[in-house]
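Fold and contact review
Chain residues, written in single-letter form:
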Amino acid sequence: MSDAVIELAGLTKAYNVGTPVEAEVLHGIDLSLAQGEFAALIGPSGSGKSTLLNIIGLLERPTGGRLSIGGRDTAELSEAEITALRGRSIGFVFQFHHLLPAFSALENVMMPAIIARGAPDDEAEATALQLLDAVGLKAHAHKKPAELSGGQQQRVAIARALALRPRLILADEPTGNLDTHTADDIFALLREFNRQTDCACLIVTHDPRLAARCDRTIRLVDGRIAADC
Amino acid sequence: MKLRLPFAPLVALRFLREGRMQTLLILAGTTGGVAVIVFLTQLITQLQAQIVDRVLGTQPHVVIRPLEEANRRAFDDPASAVVIEPRAQRLRSVDQWESIARLAAAMPGVTAVSPTVTGPAFAVRGQANKSVALMGIDAERYRRIVRMEEYMVAGRFAVDGTRAVIGSELAKDLGIRLEDKLRVALPNGRDELLQVGGIFDIGNKDLNRRWVFVTLPLGQSLLDLPGGVSNLDLTVADIFDAQAIAERLQGATGLTVDSWMQTNAQLLAALRNQTVSNNLIRSFVILIVALGIASVLVVSVVQKQKEIGILRAMGASRAMILQVFLIQGALVGAVGSILGSLLAFGLLNMFSAIYRNADGSPLFAAELEPRFIVLAALVATGVGLASALIPARRAAKMDPVQAIRS
Ligand SMILES: Nc1ncnc2c1ncn2[C@@H]1O[C@H](COP(=O)(O)OP(=O)(O)OP(=O)(O)O)[C@@H](O)[C@H]1O
Ligand SMILES: [Mg+2]
């Protein structure tokens, strides 16, 4: 599949390798995600959803198997290349917004560009303002995260994830600690950006209602894909 | 246009601003440390310079003399106790002193050479009679050895014909005033009637009582040393080069060459000890400041674990995180050194107003040499960087996942 944004083959992950408490949490995952695909990752607690997402997001390295992103086998990449690839091609949205408290909403959204290009510039600021406008927070651009509500914080986090127009958005329970109404808003936002930019989205959620609104649902049970439809 | 800092300084500054109390604490520690070091260094340097200045105010940096004649055994009877009889040191001239003076003047680091003929004499006035040291000099050249003009209380420091310059104590003892006559008598029977053209007070009673300056030719004829000089006095550019220059001259001339550093060995040893203890204090203060910066940054790294993880997730490399924390250390050091120098300046002002010499003049000047501030800034920034190294490496090594999972 040439338009696969990510491709996993026989991917495994074990913790505490070589110790008596060694535990394999992912057992041979085969999965691929195409450009523009909007997929939900569901499964019981402890099934390995976050682990899988972190591996795909290049925050953790798999123990075995293959992971390609944009056609490149990540096993062949150096630490520096991995970091650069993560910054440029992947946008994260976490359950707890994980915004930088010392920076304003605008600066948080600019941060991926600041990191990628070494310093803030006008383009980064313009893009960030545009994104904040799109998530309906233009008026709050100069507020610190602590001055925003939970839903607003999560919207800033989404704007930040989109700052560099990544090909892949990974969201780990982005609506996990929001009320249903706000959760719907956030979900709709992700969906909208997915349509606009044709980025692939993989969203971990416990909410079957939201999962049902995705193009595809991947169900993980005990470190194995139990269903993919 | 707003100022746009690059990533690492931008984040470093925000982190410092965010950890307000901690930042204030390490900044206060660094400021205090720098202030102590700058204050102590400035104070000790000044006081030492004053002491050396005072000592060298009345003596040449280097003196060239003829070789001393060796002492001889009085008699060679093995049965009797050996009696060493110090040989009376006859007044002798430095052989070919003119060429030696030229040689010395040409030596790098030597700024002035002055020939002196000196010997014991009596100053006689009426019934009074004082033992003095007759000094035949060329006033113009001698002035570059001892700044006599600064010590004159009456008349000028100039000798000509039979005009002489004497010290204030001798003048008092013999009841002499400017333009009075004074007879000098020598052990060899010669004598001369001098006219006092100047009276000095060099700050040393003994010298004020003993020194009688006359012209070089008059000194030579009175002391039976026609055309000769008993020593050559030298001034050098850097006083602490005096010993090296003396050794070089000794090698070149084979004469006795003494530097002020030899004649004042005890004083120098005391100054060195003071410098050593000052260095010890400085090292401890630097160590304490470094530990303070390091420990606060270590805590900050732990507190910022989550932020570090977020930055890494957004593509920040380990090197970038390392820089963020190194810059924090350097910034604390740099700002602390500026504040510390200001504080030291304040302390110097305060202490110089409080501590005064007997005559009411300040014991030391309330000034700060720019090179100390520059040095302090460099050292403090370096120490800040070095102390940030361990925390920064910890931060760079941190696993971004752990931060994000929690
Ligand atoms: N660093 C680690 N060391 C050891 N075991 C780990 C580590 N991280 C995760 N695990 C284990 O891996 C398994 C999967 O964890 P993971 O967080 O991926 O589950 P999850 O599906 O995201 O669960 P939840 O829905 O509760 O978020 C769990 O059993 C967990 O205990
Ligand atoms: Mg999870």
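Residues numbered from 1 in each chain as written. Chains lettered and ligands numbered in written order. Predicted model: local features only at pLDDT ≥ 70, side-chain atom pairs only at ≥ 80, totals over all residues. Heavy atoms only, no water.

Remarks on the overall build of chain A
A count of helices and strands for chain A gives 7 helices and 10 strands. Computed over C-alpha atoms, the radius of gyration of chain A comes to 17 Å, within 12% of the 17 Å expected from 2.2 N^0.38 for 229 residues, which places it in the range of a compact globule. Counting every position in chain A, which comprises 229 residues, the buried fraction comes to 56%. As displayed, chain A has an accessible area near 9400 Å², and 49% of this comes from carbon and sulfur atoms. Placing the 22 positive and 29 negative side-chain charges of chain A at their respective mean positions leaves the two points 1 Å apart. (Helix = DSSP H or I, 4+ residues; strand = E, 2+ residues; numbered from the N terminus. Rg over C-alpha atoms; globule rule 2.2 N^0.38 Å. Buried < 20%, exposed > 50% of the residue type's maximum accessible area, 1.4 Å probe, protein only. Areas by Shrake-Rupley, 256 points an atom, 1.4 Å probe, with all protein chains shown as cover. Lys, Arg positive; Asp, Glu negative; His and termini not counted. Charge placed at Lys NZ, Arg CZ, Asp CG, Glu CD.)

Describing the side chain of S104(A)
Residues and elements named next belong to chain A. Note on placement: S104 falls in the loop between β6 (90-93) and α3 (105-117). Classification of S104 as buried rests on a relative accessible area of 6%. Contacts of S104, omitting those with residues within four sequence positions, involve A141, H142, K143 and K144. (Contact = heavy atoms within 4.5 Å.)

Structural notes on the sheet that holds strand β9 (residues 216-221) of chain A
All names here are of chain A. Read across the sheet, 6 strands follow the order β6-β7-β8-β3-β9-β10 without closing on themselves; strand pairing throughout is mixed. Each end of this open sheet is capped by a strand with a single partner; those strands are β6 and β10 (224-228). Taking each pair of neighbouring strands and ignoring which way they run, the sheet shows an average axis angle of 20°. Summarising the sheet, strand β7 (residues 168-172) and strand β8 (residues 200-204) pair through 5 bridges and their orientation is parallel. By the bridge assignment, I169 is partnered in β8 with C201. Contacting β6 and β7, helix α5 (residues 150-161) crosses the sheet at an angle of about 170° to β6. Together, β3 (38-42), β7 and β8 form the strand contacts of helix α6 (residues 180-197), whose direction differs from that of β3 by roughly 140°. (Pairing = 2+ DSSP bridges. Axes fitted to C-alpha atoms, helices over the stretch in contact; angles between N-to-C directions.)

Some details on unusual backbone geometry
The general pattern is negative phi for most residues beyond glycine and trans for most peptide bonds. Residues and elements named next belong to chain B. Phi angles above zero are rare outside glycine, and Q96 is one such case at about 45°. Looking at the element boundaries, Q96 is found in the loop between β3 (84-85) and α3 (97-106). If you check the backbone angles, D224 has positive phi at about 60° while not being a glycine. With respect to the helices and strands, D224 occurs in the loop between α7 (216-222) and β11 (231-236).

What about the interface of chain A and chain B?
Contact with chain A, which involves 31 residues of that partner, is made by 30 residues of chain B. In total, chain A and chain B occlude about 2600 Å² of area from one another, counting both sides; carbon and sulfur atoms represent 62% of this. Summed over the shared surface of chain A and chain B, the result is 5 salt bridges. We note a salt bridge from R4(B) to E125(A), for which the minimum N-O separation is 2.2 Å. (Buried area = accessible area lost by both parts, 1.4 Å probe. Salt bridge = Lys/Arg side-chain N within 4 Å of Asp/Glu carboxyl O.)

A word on the pattern of salt bridges
What the rule picks out here adds up to 26 salt bridges over all chains. Residue K172(B) is joined to E169(B) by a salt bridge in which the shortest nitrogen-to-oxygen separation is 3.7 Å. Placement of the pair is K172(B) and E169(B) together in helix α5 (residues 168-174), with a separation of 3 residues, close to one helical turn. With a relative accessible area of 9%, E169(B) lands in the buried category. Three or more residues are tied together by salt bridges with common partners; here these are D184(A), D207(A), R209(A) and R213(A).

Some remarks on the packing of aromatic side chains
Applying the stated rule across the entire model yields 11 aromatic pairs over all chains. Its guanidinium or amino end placed over the ring of F15(B), K304(B) lies 5.3 Å from that ring's centre, counting from NZ or CZ. (Phe/Tyr/Trp six-rings, centres within 6.5 Å; stacked < 30°, edge-to-face > 60°. Lys NZ or Arg CZ within 6 Å of the ring centre and 35° of its normal.)

With respect to the nonpolar core
M111(A), L132(A), F7(B), L311(B) and F325(B) are the most contacted members of the largest nonpolar core, which has 76 residues in total. Looking at which element gives the most residues to this core, the answer is α3(A), with 8 residues. Excluding anything up to four places from it in sequence, L132(A) contacts A105(A), L106(A), V109(A), L137(A), K138(A), A141(A), V156(A) and A159(A). Counting residues in hydrophobic clusters, the runner-up holds 51 residues, among them V52(B), M107(B), V184(B) and L186(B). (Core = buried A, V, L, I, M, F, W, Y, C linked by side-chain atoms within 4.5 Å.)

Quick look at a nonpolar patch on the surface
All names here are of chain B. There is a patch of nonpolar side chains on the surface, built from L280, F284, L287, I288 and L291 and spanning about 550 Å² of accessible area. If you trace the backbone, L291 turns up in helix α10 (residues 265-303). Looking at L291, the relative accessible area reads 55%, which means it is exposed. (Patch = residues over 30% accessible without salt bridge, like charges linked within 9 Å, V, L, I, M, F, W, Y side chains within 5 Å.)

So, the environment of F187(A)
Residue and element names in this part refer to chain A. Turning to its location among the elements, F187 is positioned in helix α6. Along the chain, F187 and N16 lie 171 residues apart, while their C-alpha atoms are 35 Å from each other. Every residue in contact with F187, bar those within four places of it in the chain, is listed here: F38, I203, L210, R213 and C214.

Description of the domain arrangement of chain B
One frequent convention defines the size of an interface as the accessible area lost when the parts assemble. As assigned here, chain B comprises domain 1 (7-54 + 268-405) and domain 2 (97-254). Between domain 1 of chain B and domain 2 of chain B, the C-alpha centre-to-centre distance is 53 Å. (Domains from an automatic or database assignment.)

Some details on the packing of helix α1 (residues 7-18) of chain B against helix α12 (residues 318-354) of chain B
Residue and element names in this part refer to chain B. Remark: α1 packs on α12, axes separated minimally by 8 Å, with the N-to-C direction vectors making an angle of 60°. Of the possible angle classes, the one that applies to α1 and α12 is oblique. The handedness of the crossing between α1 and α12 comes out as right-handed. Mapping the contact onto sequence places F7, A8, P9, V11, A12, L13, F15 and L16 in α1 and M320, Q323, V324, F325, I327, Q328, L331 and V332 in α12. When the residues that make up the contact of α1 with α12 are grouped by side-chain class, the tally is 14 nonpolar, 2 polar and no charged. (Parallel < 35°, antiparallel > 145°, perpendicular 65-115°, else oblique. Left-handed = near helix turned anticlockwise from the far one by under 90°. Nonpolar A, V, L, I, M, F, W, Y, C, P; charged D, E, K, R; others polar.)

Some remarks on the sheet that holds strand β2 (residues 23-34) of chain A
Residue and element names in this part refer to chain A. The strand order across the open sheet formed by 4 strands is β2-β1-β4-β5, and the pairing between neighbours is antiparallel. Each end of this open sheet is capped by a strand with a single partner; those strands are β2 and β5 (72-73). Two elements, strand β1 (residues 4-15) and β2, share 8 bridges in a ladder whose sense is antiparallel. Each residue of the ladder has a partner; that of L8, found in β2, is L31.

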